[in-house]
Amino acid sequence: MEFNKIVKNALLIIVACLALSACATKKAGTGQMQGDVYTGKDTVEYLASGVPDRVFFATNESVLTTASRETLRKQAAWLRKNSKINIVLEGHADERGTREYNLALGERRANAAKDYLMTYGVSSDRISVLSYGKERPVDSGSNPLSWSKNRRSVTVKAN
Amino acid sequence: MIKKITLLVFILLPFNAYGLIKVDITRGNLDPLPLAVSPLAIDNESKTKFDKILNKKDIGSEISIIIEKNLKTSGLFNPLNREAFLQKPDIANLKPRFEDWKLIKAQALITGKVNYVDEKLRVEFRLWDILAGREMMALAFTTVPTNWRRVGHIISDKVYERLTGEKGYFDTRIIYVAEEGPKTQRVKKLAIMDQDGFNNKFLTLGNELVLTPRFNKTSQMVTYLSYFKNLPRVYLLDIETGTQEVVGDFPGMTFAPRFSPDGKKIIMSFAKDGNSDIYTMDLDSRVVDRITNHPSIDTSPSYSPDGKFISFNSDRSGYQQIYVMESSGKNVKRISFGKGLYGTPVWSPRGDLIAFTKLHKGKFYIGVMRTDGSGERLLTENFYQEAPSWSPNGRVLIFYRETKTDNEGKGFSAKLWSIDLTGYNEREVKTPTDASDPSWSSLLSN
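Keep in mind the model is a prediction, meaning the values are calculated, not measured.

About the cut-offs
Residues numbered from 1 in each chain as written. Chains lettered and ligands numbered in written order. Predicted model: local features only at pLDDT ≥ 70, side-chain atom pairs only at ≥ 80, totals over all residues. Heavy atoms only, no water. Core = buried A, V, L, I, M, F, W, Y, C linked by side-chain atoms within 4.5 Å. Buried < 20%, exposed > 50% of the residue type's maximum accessible area, 1.4 Å probe, protein only. Helix = DSSP H or I, 4+ residues; strand = E, 2+ residues; numbered from the N terminus. Axes fitted to C-alpha atoms, helices over the stretch in contact; angles between N-to-C directions. Parallel < 35°, antiparallel > 145°, perpendicular 65-115°, else oblique. Left-handed = near helix turned anticlockwise from the far one by under 90°. Contact = heavy atoms within 4.5 Å. Nonpolar A, V, L, I, M, F, W, Y, C, P; charged D, E, K, R; others polar. Pairing = 2+ DSSP bridges. Buried area = accessible area lost by both parts, 1.4 Å probe. Salt bridge = Lys/Arg side-chain N within 4 Å of Asp/Glu carboxyl O. Polar contact = N/O pair within 3.5 Å; in protein donor to acceptor, adjacent residues only side chain to side chain.

Grouped together as the largest cluster of nonpolar side chains are 54 residues, with contacts concentrated most on Phe77, Ile110, Val123, Ile155, Leu163 and Leu416 of chain B. The leading source of residues in this core is helix α5 (residues 148-164) of chain B, at seven residues. Membership of the second largest hydrophobic core comes to 19 residues, among which are Leu64, Ala112, Ala113 and Ile127 of chain A.

A separate point is the packing of helix α2 (residues 59-73) of chain B against α5 of chain B. All names here are of chain B. Where α2 meets α5, the closest approach of the two axes is 8 Å, and the angle between their N-to-C directions is 45°. With respect to α5, the axis of α2 lies oblique. Note on packing geometry: the crossing formed by α2 with α5 is right-handed. Between α2 and α5, the contacting residues are Ile59, Glu62, Ile63, Ile66, Ile67, Asn70 and Leu71 on the first element and Trp148, Arg149, Gly152, His153, Ile155, Ser156 and Val159 on the second. For the contact of α2 with α5, a count of residues per class yields eight nonpolar, four polar and two charged.

Our next topic: the packing of helix α2 (residues 66-81) of chain A against helix α3 (residues 99-119) of chain A. Residue and element names in this part refer to chain A. Viewed as axis vectors pointing N to C, α2 and α3 meet at an angle of 55°, and their least axial separation amounts to 9 Å. As the angle between them shows, α2 and α3 are arranged oblique. Classified by chirality, the crossing of α3 by α2 is right-handed. When α2 is examined against α3, the residues Arg69, Leu72, Arg73, Gln75, Ala76 and Leu79 are found in contact with a partner set consisting of Ala113, Tyr116 and Leu117. Looking at the contact of α2 with α3 residue by residue, the classes come out as six nonpolar, one polar and two charged.

This part takes up the sheet that holds strand β26 (residues 377-382) of chain B. Residue and element names in this part refer to chain B. One open sheet holds the four strands; their spatial order is β23-β24-β25-β26, and the pairing between them is antiparallel. A strand with exactly one partner marks an edge of an open sheet, and here the two such strands are β23 (341-347) and β26. Shown here is a sheet whose adjacent strand axes are inclined to one another by a mean of 20°, direction ignored. Pairing geometry for strand β24 (residues 353-360) and strand β25 (residues 363-370), over eight bridges, is antiparallel. The partner of Lys358 across the bridge, within β25, is Tyr365.

All right, on to the interface of chain A and chain B then. Taken together, the contacts link 28 residues of chain A with 49 residues of chain B. Buried surface at the junction of chain A and chain B, both sides included, amounts to about 3,100 Å², of which 50% is carbon and sulfur. Ranking the residues of chain A by area buried against chain B places Arg96, Arg99 and Glu100 of chain A at the top, with a combined share of 24%. The interface formed by chain A and chain B holds six salt bridges in total. Arg99 of chain A serves as the salt-bridge partner of Asp437 of chain B, at 2.9 Å between the closest nitrogen and oxygen. In this structure, the connection of chain A to chain B is made through 23 residue pairs in polar contact (both at pLDDT 80 or more). Breaking the side of chain A that touches chain B down by element, the ones donating at least two residues are α3 and β7 (127-133) of chain A. With nine residues, the top contributor of residues to the side of chain A that touches chain B is α3 of chain A. Class assignment for the residues of the side of chain A that touches chain B results in nine nonpolar, eight polar and 11 charged.

A word on the pattern of salt bridges. Inspection of every chain in the model, using the stated rule, returns 36 salt bridges over all chains. Here Arg350 of chain B makes a salt bridge to Glu166 of chain B, at a shortest N to O gap of 2.8 Å. Of this pair, Arg350 of chain B sits in the loop between β23 and β24 while Glu166 of chain B sits in the loop between α5 and β8 (173-180); the two residues are 184 residues apart in sequence, bridging distant segments of the chain. For Glu179 of chain B, the salt bridge identified is with Arg186 of chain B, shortest N-O distance 2.8 Å. Here Glu179 of chain B falls in the buried class, since its relative accessible area comes to 3%. The network of salt bridges with common partners includes Arg99 and Glu135 of chain A together with Glu179, Arg186, Lys188, Lys415, Asp434 and Asp437 of chain B.

Printed below as a string of structure tokens:
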């Protein structure tokens, strides 16, 4: 598994180098962000086959991107089919902000996801919201790519 | 836990204010005052008694080391090497030979004596002006022997006050969050220690995430955020008894708590449906008041020392900025207009300044501005640092700083630092583990 990933990454780098020729200055990670929103799959887990558990945000933002809305629609469809399952939306921020503001920001992000799930037919009694601010990064790096993975709302099964 | 120290003035010779040494603390002091801390004299019998109780061979010398270290840390004084002292402690305490102390360039001298009296520790000390050749102050304390470190701190405070004209900050404690483990799974505990890093004690076990402890200025109470049962709520902790209780009955996350200056209210944020507003709760009546009502994030509230105003940060302008309003919530005014984002405003105990964290172009700054937003001054710049807390005399800020990790996400650390209001004398405050979110107590004795 790990080895496959490494090979895959190495291939990506080679492809990127061929495409860009300015290989030395480019990192493998830059292709995983659009603007500063994370678009890769590295940390993503799945609620069910084809249903990613998380959505990502731009710096200081809680606006859902097109990709996030698509993910949340898949989650909503899956939740409508599995009506016994309740969820917790865990909102997170990156380390580049003050602790208290980030707690509020995490709450705002999780609520953005909650509102969207509700408009797609998931009852609010099935959803609770929990902000971790910047306390639980999924990637411990101090660089733009790591931060983009950490700005997220994760849908977690509560039962 | 904190035992009363009886303080009695036993000799206080009249003195003239003019002609005596004075240290100006309003400017960066690049030329600290040279002074000598003579080891406190102790007779052999007292020495043996205290050695038995405290396991310290020479408690007189130990107390003077605390004084030396405190005064040096302030950046205002330069304690001279005791190897150079010509006069013996017991004789110096009776009557210093000023020429001897002048010779080693001391401008002030601290002498004293320690005795074992009725199972108590009795300490007297004197502060001498070497150039004027006279005594500036003399005090004596009696307390239980285990309080010996506090005696050192109180003497430091008295010397600081006599020489600078302002109260000291040495007989104080810091409450903070002790951190351990990898960044993605950090274990955090409440911890408390003396201002100089001694007597460290953990107050929680680390089973749940805890954040942002803040002292009540008037008692041994602390308010903080705990994720007990995965419900982030503001709690109240009595550090004397260990009793904890949740503050208020809010149907969502409460966070960013602080006490009002009279200690009777807690001000905090309450987040619901993606919106954070500021609330207060009266600790006696349990009455909850909503202070702000705005669809933006309003958080990090802090009262002015007279309780009439509240500063907080809000992103109602689109980005995080600092605002000031009346304590009723009326007349909200934005005060930060510089480039970048501003957060964590804290009102100085002197009332004239607000300290803050600023984020601009990927750097974090600790700075101060006047309460109308004018006179912004950045004291320190780093990769990441935030959350200043004032020393009780409003002259020093303590905050925490995190280091950047390398590409593998390694090399992370979080440490407490302090800096003078002047922007000088930046130094690490040593803690047994990594640390964050410091809050400075008021003076334990006065």
